[in-house]
Amino acid sequence: MCALLLLMILPTDLNYASLVTQTTGTEDDTSVLNKVVLLTVLIGSCYFIATRQRLWLAVLRSLNPFYLLFLALTAISLFWSIAPDVTTRHVFRLLVIFLACTAFTLHGWTPGRFQVVMRNLLGALLVGSIVFAIFMPQYGVEKFEDYGAGVSTFRAYGEGVTAIVKPVLRGLTYSKNQIGPLAGLGLIFWLHAWLDKQVKFFWFLVCGGASAVCLYWAHSSTALLASAFSVVMILMLRHWPQWLRRYMPHLILLFSAVVFLYSLVILRVIPGLDILLSPITAMTGKDLTFSSRTSIWEIIAEHIAKHPWIGTGYSAYWTIAPGSPALQVKTLLNFFPGESHNGYLDVQNDLGAIGSLCLLGYMITSLRQSVRLMAIDRSQGSIYLVLLFYVFWSSMSESHWFSAESVLFTVLTLSVCCCARGLLQHEFSAEVVHPLARHARSY
């Protein structure tokens, strides 16, 4: 899991020099190292699964069924994909993530194993990013051009608008857009561990403090806002009054409805409710176009209307190959965003209304499973629930849902698999305890 996550976080072949002149991602078809790591993760995961096949099948039965349905849907989309080669690569990456996350739950299982692995990895990465940025700022700090909140569309960027160049943190990752969500995750994991007295205050101060510094220095409004909501939710779940616990499922459902309502307002599905966005724009400093993302959303909405039911194939739209419809975005906006900057739109664009319904079912089922586990193990259920809401919010302005390139969704996938394993472990315990209880009553 650590190898897979680092592959998605670090620059290709650790070539930081290339980041100075251009923005690169982690996916590079020509990288031998990438192929070796992916194949190693695939073979290793299959080996661990083969040694405990019955347990793996039991985990699958407890797993969110809509996640498995989505995997099947992405594979089937090869038949109508407008870029079958791109879809094939991303489906393969999704399969590797799925096998690695499920294999993680089979050996050495303890209830807190998920948090231990994630917080140690993130703590080392974020502390290392600060050190890297201080001693090698030419690689660890990115020069970000901020055009301000007054620019209504990206078209204005080439029309005499002066940009303010800000030094923002890139750290050990390949982009400030990568370090921001990771810093939010680090803050969540280390705060949760300290509140549960799983780590000493010194390590919380070091790693949690590094997470906060990276979150601020990355200047990611989306990550900052999602982290603020997540911290409030952790504190709320941790110090929930006794008399309110019976209403917890209803309050969580209400919180989910508020997040969903805001997503509809942001996407302009419900017009005339822009006043609800005023607190968000005040906190983030962005205008109601969310740094001109609405210009991208309008173009994507037009493309979705042409293929409303099944989309144009998983991850097939955002390519720069000749004849790709995404080239229209580059022509209209004078740049190529590479994603819709909205996870909900990207799912519908790739897989149509069927994919959106699958996503809705996935979110509802994940929410229910997290609440079920909270009734059994408050600490474990709360971290899975908080991570789910973190991705809920982050996906409004970034493409995370079911993305084979998103570290955030890979971590959420691991949490969903661990939640299923936790529920399964409770069933195993119940099967052992109940016969013993009946035996004791017979005496």
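Just so it is clear, the structure is predicted and the values come from calculations on it, not from any experiment.

Side note on the overall build of the protein
Counting its secondary structure elements, the protein contains 18 helices and two strands. Each of the 443 residues in the protein was classed as buried or not, and the buried ones make up 53%. The long-range share in the protein, meaning contacts at least 24 apart out of those at least 6 apart in sequence, stands at 74%. As presented, the protein carries roughly 20400 Å² of accessible surface, and 67% of it is formed by carbon and sulfur atoms.

Quick notes on helix 14 (residues 293–306)
The terminal C-alpha atoms of helix 14, which comprises 14 residues, lie 21 Å apart, in line with the 20 Å expected from a rise of 1.5 Å per residue. When we look at burial in helix 14, the residues that qualify are Arg 293, Thr 294, Ser 295, Ile 296, Trp 297, Ile 299, Ile 300, His 303 and Ile 304.

Topic: the nonpolar core
One finds Phe 114, Leu 185, Phe 189, Tyr 362, Trp 401 and Phe 402 to be the most contacted residues of the largest nonpolar core, which totals 113 residues. Here this core takes 13 residues from helix 18 (residues 407–441), the largest share from any one element. Not counting residues within four places of it along the chain, the set of residues in contact with Leu 185 comprises Leu 122, Leu 387, Tyr 390, Leu 408 and Val 411.

Some thoughts on the confidence of the model for the protein
If pLDDT is low for a region, its predicted coordinates should not be looked at in detail. Within the protein, residue pLDDT values average 82, and 79% of them lie at 70 or more. Ignoring residues within four places in sequence, the model shows residues 149–160, a span with pLDDT below 50, making 27 contacts including any to other chains. The low-confidence segment residues 436–443 (pLDDT under 50) makes zero contacts with residues lying over four places distant or belonging to another chain.

Considering the side chain of Glu 398
With respect to the helices, strands and loops of the structure, Glu 398 is situated in the loop between helix 17 (378–394) and helix 18. Note on Glu 398: relative accessible area 13%, which makes it buried. If we ignore the near neighbours within four places in the chain, the residues touching Glu 398 are Thr 222, Arg 293, Glu 339, His 341, Asn 342 and Gly 343.

Quick look at the packing of helix 5 (residues 65–76) against helix 16 (residues 343–376)
Where helix 5 meets helix 16, the axes come as close as 8 Å, and the angle between the chain directions of the two elements is 160 degrees. Considering the angle they form, helix 5 stands roughly antiparallel to helix 16. Here helix 5 runs over helix 16; the crossing is left-handed. In this structure, helix 5 contributes Pro 65, Phe 66, Tyr 67, Leu 69, Phe 70, Leu 73 and Thr 74 to the contact, and helix 16 contributes Leu 351, Ile 354, Gly 355, Cys 358, Gly 361, Tyr 362 and Thr 365. Its residues assigned to classes, the contact of helix 5 with helix 16 shows ten nonpolar, four polar and no charged.

What to know about the environment of Pro 308
Mapped onto the elements of the fold, Pro 308 is located in the loop between helix 14 and helix 15 (327–333). Judged by relative accessible area, Pro 308 falls into the partly exposed class, the value being 35%. Residues Pro 308 and Ile 354 lie 46 residues apart in sequence; the distance between their C-alpha atoms is 8.9 Å. Filtering out sequence-adjacent residues up to four positions away, Pro 308 remains in contact with Gly 352 and Ala 353.

Here we look at unusual backbone geometry
Of note, His 219 is a non-glycine position whose phi angle comes to about 55 degrees, a positive value. As for its position among the elements, His 219 is in the loop between helix 10 (201–217) and helix 11 (221–238). On the basis of relative accessible area, His 219 is assigned to the partly exposed category, the value being 35%. You will see that Ser 315, though not glycine, has its phi angle at about 60 degrees, which is positive. When you line up the elements, Ser 315 lands in the loop between helix 14 and helix 15.

Notes on a nonpolar patch on the surface
Taken together, the side chains of Val 131, Ile 134, Phe 135 and Met 136 define a hydrophobic patch exposed on the protein surface, amounting to about 410 Å² of accessible area. Here Phe 135 is to be found in helix 7 (residues 113–135). Residue classification places Phe 135 among the exposed residues on the basis of a relative accessible area of 68%.

Remarks on the environment of Leu 253
Within the secondary structure, Leu 253 is located in helix 12 (residues 248–266). A residue is classified by how much of its surface remains accessible, and Leu 253, at 55% relative accessible area, is exposed. Sequence separation of Leu 253 and Leu 367 is 114 residues, and the distance between their C-alpha atoms is 8.7 Å.

The rules we used
Residues numbered from 1 in each chain as written. Predicted model: local features only at pLDDT ≥ 70, side-chain atom pairs only at ≥ 80, totals over all residues. Heavy atoms only, no water. Helix = DSSP H or I, 4+ residues; strand = E, 2+ residues; numbered from the N terminus. Buried < 20%, exposed > 50% of the residue type's maximum accessible area, 1.4 Å probe, protein only. Contact = heavy atoms within 4.5 Å. Areas by Shrake-Rupley, 256 points an atom, 1.4 Å probe, with all protein chains shown as cover. Expected span 1.5 Å × (residues − 1). Core = buried A, V, L, I, M, F, W, Y, C linked by side-chain atoms within 4.5 Å. pLDDT = per-residue confidence, 0-100. Axes fitted to C-alpha atoms, helices over the stretch in contact; angles between N-to-C directions. Parallel < 35°, antiparallel > 145°, perpendicular 65-115°, else oblique. Left-handed = near helix turned anticlockwise from the far one by under 90°. Nonpolar A, V, L, I, M, F, W, Y, C, P; charged D, E, K, R; others polar. Patch = residues over 30% accessible without salt bridge, like charges linked within 9 Å, V, L, I, M, F, W, Y side chains within 5 Å. Salt bridge = Lys/Arg side-chain N within 4 Å of Asp/Glu carboxyl O.

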